[in-house]
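A look at the structure
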Amino acid sequence: MKQVIGVGFILALVGCQDMPLENEAADTVIKSPTNDNLRLVRGYRSTDDDCQLTGETAFTVNYLDDAADLVSCPTGSDAAQSLVAMYGARQVAETGGYTVYTVPRR
């Protein structure tokens, strides 16, 4: 009886070996980090922009300004660099892989 249980245990372990990812799952790339402190509304310059218009949360409330947009970009991204170069964005905070900028509207 112990031999049968031992063989069953070994078979169960063999069935748990690491399985390779399917092609679709292996090709999936997560574009941006996630963060609960930010309310990301939509792409800032276009729908597929990595920099996102950012709404009000407890974290962002002190950075909101009626004369500027609050925009969050993945920290260190090319999108963040171009936002600063194109719009004169000023960094105000960092959280969870994002850098938060204020972008003057006027």
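What counts as what
Starting afresh in each chain, residues are numbered from 1 along the sequence in its written order. For a predicted model such as this one, the threshold for reporting local features is a pLDDT of at least 70, and the threshold for listing and counting side-chain atom pairs is 80 or more; totals across whole chains, interfaces and linings nevertheless cover every residue. To get the side-chain values, all heavy atoms of the structure are used, and hydrogens and water are removed first. Elements are defined by DSSP. Helices are runs of H or I of four residues or more, strands are runs of E of two residues or more, and each kind is numbered from the N terminus. We call a residue buried when its accessible area falls under 20% of the maximum for its residue type, exposed when it is over 50%, and partly exposed in between, using a 1.4 Å probe and counting protein chains only. We get accessible surface area from the Shrake-Rupley algorithm with a probe of 1.4 Å; when it comes to residues, only the shown protein chains can shield them. We define a polar contact as two N or O atoms separated by no more than 3.5 Å, with the added condition that, inside protein, one atom must be a possible hydrogen donor and the other a possible acceptor, whereas residues neighbouring each other in sequence contribute only through side-chain atom pairs. Only strands that DSSP links by at least two bridges are regarded as paired with each other. When a carboxyl oxygen of Asp or Glu lies within 4 Å of a side-chain nitrogen of Lys or Arg, that pair is called a salt bridge. Disulfide: a pair of cysteine sulfur atoms within 2.5 Å of each other.

A short note on the overall build of the chain
Assigned secondary structure in the chain consists of 3 helices and 5 strands. When the helices and strands of the chain are read in sequence order from the N terminus, they spell out α-α-β-β-β-α-β-β. Burial analysis of the chain (106 residues in total) assigns 30% to the buried set. Entry remark: accessible area of the chain is about 7,600 Å², with carbon and sulfur atoms responsible for 54%.

Regarding the side chain of Thr95
Mapped onto the secondary structure, Thr95 falls in strand S4 (residues 90-95). A distance of 2.7 Å separates the side chain of Thr95 from the side chain of Asn37, its partner in a polar contact.

Details of the pairing of strand S2 (residues 52-55)
Of the two faces of S2, both are covered, the one formed by Gln52 and Thr54 as well as the one formed by Leu53 and Gly55. As judged from the 2 bridges shared by S2 and strand S3 (residues 68-74), these two strands associate in the antiparallel manner. If you follow Gln52 over to S3, its bridge partner there is Ser72.

Considering the pattern of salt bridges
Counted according to the given criterion, the structure contains 2 salt bridges. Two residues, Arg45 and Asp49, come together in a salt bridge whose shortest N-O distance is 2.8 Å. Asp49 sits in the buried class, given a relative accessible area of 10%. The salt bridge involving Asp69 is made with Arg105; its shortest N-O contact spans 2.7 Å.

Considerations on the state of the cysteines
Evaluation of the coordinates by the stated rule reveals 1 disulfide. Cys51 shares a disulfide with Cys73; S-S distance 2.0 Å. A torsion of 115 degrees about the S-S bond marks the disulfide between Cys51 and Cys73 as right-handed. A residue pair is termed long-range when its members are at least 10 positions apart, and Cys51 in the loop between strand S1 (39-43) and S2 and Cys73 in strand S3 qualify at 22 residues. Here Cys51 matches Cys73 in class, with each residue buried.

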